[in-house]
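Reading the structure
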Amino acid sequence: MSGGNSRDRELRDRAAAVIPGRMYGHQSVALLPDDYPQFFEKGEGAHIWDADGRRYLDFMCAYGPNLFGYANPEIDAAYVRQLGQGDTLTGPTALMVELAEALVAMVGHADWAMFCKNGTDATSMALVVSRAHTRRKTVVRAKGAYHGAAAWCTPRPAGVIESDRAHQIFYDYNDVASLESAVARAGDDLACIFAAPFRHDAFVDQAEPDPAYARRARELCDATGALLVVDEVRAGFRLARDCSWSRIGVEPDLSTWGKCLANGHALSALLGSDKARAAAASVYVTGSFWYEAAPMAAALETLRLIRETDYLERITALGTRLRTGLAERAQAAGFGFRQTGPVTMPLFLFDEDPDLRKGFCFASEILARGIYTHPWHNMFLCAAMTDADIEATLDAADGAFGALKRQAGALGPVDKLAFLSAGAR
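What comes next concerns the included structure. It should be emphasised that the depicted structure is a prediction, and the values quoted were computed from it without experimental measurement.

Rules of the game
- Residues numbered from 1 in each chain as written.
- Predicted model: local features only at pLDDT ≥ 70, side-chain atom pairs only at ≥ 80, totals over all residues.
- Heavy atoms only, no water.
- Axes fitted to C-alpha atoms, helices over the stretch in contact; angles between N-to-C directions.
- Helix = DSSP H or I, 4+ residues; strand = E, 2+ residues; numbered from the N terminus.
- Parallel < 35°, antiparallel > 145°, perpendicular 65-115°, else oblique.
- Left-handed = near helix turned anticlockwise from the far one by under 90°.
- Contact = heavy atoms within 4.5 Å.
- Phe/Tyr/Trp six-rings, centres within 6.5 Å; stacked < 30°, edge-to-face > 60°.
- Buried < 20%, exposed > 50% of the residue type's maximum accessible area, 1.4 Å probe, protein only.
- Lys NZ or Arg CZ within 6 Å of the ring centre and 35° of its normal.

Our focus in this paragraph is the packing of helix H2 (residues 73-85) against helix H8 (residues 293-308). Across the interface, H2 lies against H8 with an axial gap of 8 Å and an inter-helix angle of 150°. Viewed along their axes, H2 and H8 adopt a mutual orientation that is roughly antiparallel. In the crossing of H2 with H8, the sense of the turn from one axis to the other is right-handed. Packed against H2, whose contacting residues are Glu74, Ile75, Ala78, Tyr79, Gln82 and Leu83, the element H8 presents Ala293, Ala294, Pro295, Ala297, Ala298, Glu301, Thr302, Arg304 and Leu305 at the interface.

Structure (structure tokens):
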């Protein structure tokens with residue numbers, strides 16, 4: 001692709017002079033194949049166009065915010081209407097109350113809502129509220145789980161000091177004995193247990209929550225007076241129209257939401273039960289743009305579509321069709337190809353591929369055929385995708401598996417992922 005992405009390369013060169021590391025955070029392509037574009041110019045429906053005008057069917061969905069399609073006309077119209085009336089004002093509009101009411105009506109465990117901007121805001125609020133409620137310090141959370149980019153939870157330690165990570169104990173996701181041991185170590189200082197809706201760590205196979213593990217987390221919180229927090233920022237409304245753990249009959253005390261809550265407009269939320277209401281009222285959390293009205297208008301329209309359409313059933317059917325088709329094509333090409341996680345949020349990994357050289361080759365080949373996937377992060381389906389999109393993906397995968405088969409014997413290590421083989425996982 002190097003010969004055809006001159007605009008992207010120009011932007012990268014300019015960014016190098018004015019943006020640390022050329023790009024930062026989860027949308028940096030530093031750990032992706034070299035031919036992945038860094039810059040994009042537009043999105044529409046299920047597709048994105050890079051800075052050089054190439055169109056891709058996008059299985060990253062902006063890393064999750066796109067649930068009903070980029071530039072969804074109904075959602076964006078609600079946003080624009082409110083923008084014309086007022087957005088960042090001296091106080092919130094009535095939409096804040098309406099949105100809180102709508103979320104409380106939809107999410108079984110929720111009796112109240114607080115709004116912010118990013119997933120990290122919401123998870124950090126959950127931690128503060130838990131500590132205020134219990135008057136304790138220790139958080140128990142799963143090894144490798146991502147809960148945001150604040151100092152207390154960022155996966156990269158640069159600039160983080162020991163006190164930023166104090167009062168945290170880790171357990172293995174889905175491992176009841178490991179969870180019990182972590183809670184025992186916390187003793188009478190346990191403030192909360194954090195849990196992801198399913199295991200969606202990067203670079204490793206995904207895993208659904210074991211109901212026994214989820215139930216035990218609930219029991220341990222009840223026994224100790226700690227709060228159970230389910231972090232829905234990534235998975236919210238792609239697995240259920242309620243909290244994801246409602247599918248296994250376990251309700252948290254707090255849940256954190258973001259990404260697709262307003263279909264890409266900047267908004268996140270902390271929802272909680274009456275048990276934690278007084279603590280939530282006692283903490284001081286705020287932001288200049290947390291009360292913006294236009295994203296709340298977009299969120300109300302998003303929630304209406306969640307309630308009134310069959311979006312969830314459709315993306316589940318599309319994801320099932322994709323998983324079945326890819327499995328057939330991988331087997332025909334002779335590859336061990338693991339597809340894990342919910343069908344609406346899949347992850348693809350190859351057998352016998354510790355440094356992801358096969359995964360990188362496949363990702364590059366399917367990208368060249370117009371399909372944007374990710375070699376080591378879970379992906380997302382959106383309601384703008386169609387049967388024709390899935391067929392196009394399967395056709396592209398046929399070509400990508402064939403190209404990988406021809407190149408597999410000559411593939412070298414992926415230098416930028418050497419840390420995987422070194423055991424830094």
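Moving on, we come to the packing of aromatic side chains. Counting across every chain of the model gives 20 aromatic pairs. Measuring from ring centre to ring centre gives 6.2 Å for Tyr56 and Tyr372, while their planes differ by 75°; the resulting arrangement is edge-to-face. Taken together, the residues span a long stretch of sequence, with Tyr56 in strand S3 (residues 55-58) and Tyr372 in strand S13 (residues 371-372) at a distance of 316 residues. You can call Tyr372 buried: its relative accessible area is 5%. With 6.2 Å between their ring centres and 70° between their planes, Phe350 and Phe401 make a pair best called edge-to-face. Linking Phe350 in strand S12 (residues 347-350) with Phe401 in helix H11 (residues 387-407), this pair joins segments that are 51 residues apart in sequence. Take Phe350: its relative accessible area is 4%, and that puts it in the buried class. Using a relative accessible area of 1% as the deciding quantity, one classes Phe401 as buried. Among the aromatic residues, those joined into a cluster by ring pairs are Phe335, Phe337, Phe348, Phe350, Phe362 and Phe401. In this structure, Lys42 is placed above the aromatic ring of Trp49, and the distance from its NZ or CZ to the ring centre is 4.4 Å.

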